[in-house]
Amino acid sequence: MARALGTGIVGGCFPEGAVLPGEAVLLARFGVSRTVLREAVKTLSGKGMLEARTRVGTRVRERAAWNLFDRDVLAWSLDAGIDRRFLRDLAEIRLAIEPAAAALAAERRTDDDIARLDSCVAAMRDAAGLDPAFASADLAFHLALADASGNVFMHSVGAVTEAALDVVFRMSRPTDPEAHETSWRAHAAIAAAIRAGDPAAAARTTEVVVRDGLRNGAAAVEAASPRPTLVPVPRGARP
């Protein structure tokens, strides 16, 4: 029940600021008990998506109030479909965190961290761009990067956004041999900077990879469903 309402909210069936239909209407529509419905509303309220008001009803809160780091909310967003806004927002949080994580990794990495990063790069190199194995290795690289930072919060953010990154990486994986080589070599440059203990280079090369991923993801969304141009991530963004 929570998933049905959650996906309806994320997908716009229940728009931000709107009041949900009355309890009797929802009970009839979904065929659940009053207890189940109330527990679902309570769950969504805890995720920042709904707000009950006396004599007004249950209102859908503005998107800014939603807990987008909640795994359920993220999953529902993916179910509703990735659009340019989702890609932009994800890219912006990645730009705020991943270059900083790479810089920390250059200072704190262990031999095991380097081995994991090198293994991911090798897997990306050996898999053709359209092979799902490429996207899997790409995701594993970025999760290993978060771990190598030695920062538990960066690790947690990486784990939460894993599902979103997996979808985005599968959408944006390279479609030709030249793009495939460019991509795995860019990741190899990140690993090399971390191995060399160069925080500035690690951050810089990671930012390049994230921005390239945004462009490739936007192109994939555009090809699937032509719409207005994606709003670019500000060039001034830095960790």
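Source: prediction; values computed, not measured.

## What about the overall build of the protein chain?
Here's step 1: Summing up its helical and strand segments, the protein chain has 11 helices and two strands in all.
Here's step 2: Reading the helices (α) and strands (β) of the protein chain from amino to carboxyl end gives α-α-α-β-β-α-α-α-α-α-α-α-α.
Here's step 3: With the C-alpha coordinates of the protein chain rotated into their principal frame, the extents come out at 65 × 35 × 30 Å.
Here's step 4: Within the span of the protein chain, comprising 239 residues, buried residues form 43% of the whole.
Here's step 5: Accessible surface, the protein chain: about 12,000 Å² in total, of which carbon and sulfur atoms supply 55%.

## Digging into the nonpolar core
Here's step 1: Leu 117, Phe 141, Leu 145, Ile 190, Ile 194 and Ala 202 are the most contacted members of the largest nonpolar core, which totals 24 residues.
Here's step 2: Among the secondary structure elements, those contributing two or more residues to this core are helix H5 (84–108), helix H6 (111–126), helix H7 (132–148), helix H10 (177–195) and helix H11 (199–224).
Here's step 3: With sequence-adjacent residues up to four places away left out, Ala 202 is seen in contact with Ala 102, Ala 103, Ala 106, Ala 193 and Ile 194.
Here's step 4: The next biggest cluster of nonpolar side chains, apart from the first, holds 18 residues, and it includes Phe 14, Leu 27, Met 49 and Leu 50.

## Section: the pattern of salt bridges
Here's step 1: On inspection of all chains with the given rule, the structure shows 17 salt bridges.
Here's step 2: Notably, a salt bridge pairs Lys 47 with Asp 70, separated by 3.0 Å at the nearest N-O pair. You can see Lys 47 sitting in the loop between helix H3 (34–46) and strand E1 (50–53) and its partner Asp 70 sitting in the loop between strand E2 (57–60) and helix H4 (71–80), a full 23 residues away along the chain. Summarising the burial analysis for this pair, Lys 47 and Asp 70 share the class buried.
Here's step 3: Of the residues examined, Lys 47 reaches a relative accessible area of 10% and is grouped as buried.
Here's step 4: A network of salt bridges, in which partner residues are shared, links Glu 23, Arg 34 and Arg 38.

## Description of the pairing of E1
Here's step 1: Summarising the sheet, E1 and E2 pair through four bridges and their orientation is antiparallel. What sits directly across from Arg 53, in E2, is Gly 57.
Here's step 2: Adjacent in sequence and paired antiparallel, E1 and E2 are bridged by three residues, among which Arg 55 carries a positive phi angle near 65°.

## Points about H3
Here's step 1: The terminal C-alpha atoms of H3, which comprises 13 residues, lie 18 Å apart, in line with the 18 Å expected from a rise of 1.5 Å per residue.
Here's step 2: By the burial criterion, the buried members of H3 are Leu 37, Ala 40, Val 41 and Leu 44. Viewed end-on, H3 has its buried residues packed into an arc of 100°, placing them on one side of the element. Away from its buried face, by an angle of more than 90 degrees, H3 presents the exposed residues Thr 35, Lys 42 and Gly 46.

## Comments concerning the environment of Val 210
Here's step 1: Counting through the fold element by element, Val 210 comes out in helix H11.
Here's step 2: As for Val 210 and Ala 91, which are separated by 119 residues in sequence, their C-alpha atoms are 6.8 Å apart.
Here's step 3: Look past the residues within four positions of Val 210 in its chain and what remains in contact with it is Ala 91, Arg 94, Leu 95 and Glu 98.

## Overview of unusual backbone geometry
Here's step 1: Look at Arg 55: it is not a glycine, yet its phi comes out positive at around 65°.
Here's step 2: Along the chain, the position of Arg 55 falls in the loop between E1 and E2.
Here's step 3: Relative accessible area serves as the criterion here: at 84%, Arg 55 is assigned to the exposed category.

## As for the packing of H5 against H7
Here's step 1: Close contact between H5 and H7 brings their axes to 7 Å; oriented N to C, the two are set at 60°. By the angle class used here, H5 and H7 are oblique. Classified by chirality, the crossing of H7 by H5 is left-handed. Of H7, the residues touching H5 (which contributes Arg 94, Glu 98, Ala 101, Ala 102, Ala 105 and Arg 108) are His 142, Leu 145 and Ala 148.
Here's step 2: Considered class by class, the residues forming the contact of H5 with H7 number five nonpolar, one polar and three charged.

## Overview of the environment of Gly 12
Here's step 1: Tracing the sequence through the fold places Gly 12 in the loop between helix H1 (2–10) and helix H2 (23–30).
Here's step 2: Expressed as a C-alpha distance, the spacing of Gly 12 and Ser 33, which sit 21 residues apart in the sequence, is 24 Å.

## Examining the confidence of the model for the protein chain
Here's step 1: Across the protein chain, the average pLDDT comes to 88, with 93% of residues at or above 70.
Here's step 2: Of the regions scoring below 50 in pLDDT, residues 226–235 engages in 22 contacts with residues more than four places distant in sequence or in other chains.

Cut-off values and rules
- Residues numbered from 1 in each chain as written.
- Predicted model: local features only at pLDDT ≥ 70, side-chain atom pairs only at ≥ 80, totals over all residues.
- Heavy atoms only, no water.
- Helix = DSSP H or I, 4+ residues; strand = E, 2+ residues; numbered from the N terminus.
- Buried < 20%, exposed > 50% of the residue type's maximum accessible area, 1.4 Å probe, protein only.
- Areas by Shrake-Rupley, 256 points an atom, 1.4 Å probe, with all protein chains shown as cover.
- Core = buried A, V, L, I, M, F, W, Y, C linked by side-chain atoms within 4.5 Å.
- Contact = heavy atoms within 4.5 Å.
- Salt bridge = Lys/Arg side-chain N within 4 Å of Asp/Glu carboxyl O.
- Pairing = 2+ DSSP bridges.
- Expected span 1.5 Å × (residues − 1).
- Arc of directions from axis to C-beta.
- Axes fitted to C-alpha atoms, helices over the stretch in contact; angles between N-to-C directions.
- Parallel < 35°, antiparallel > 145°, perpendicular 65-115°, else oblique.
- Left-handed = near helix turned anticlockwise from the far one by under 90°.
- Nonpolar A, V, L, I, M, F, W, Y, C, P; charged D, E, K, R; others polar.
- pLDDT = per-residue confidence, 0-100.

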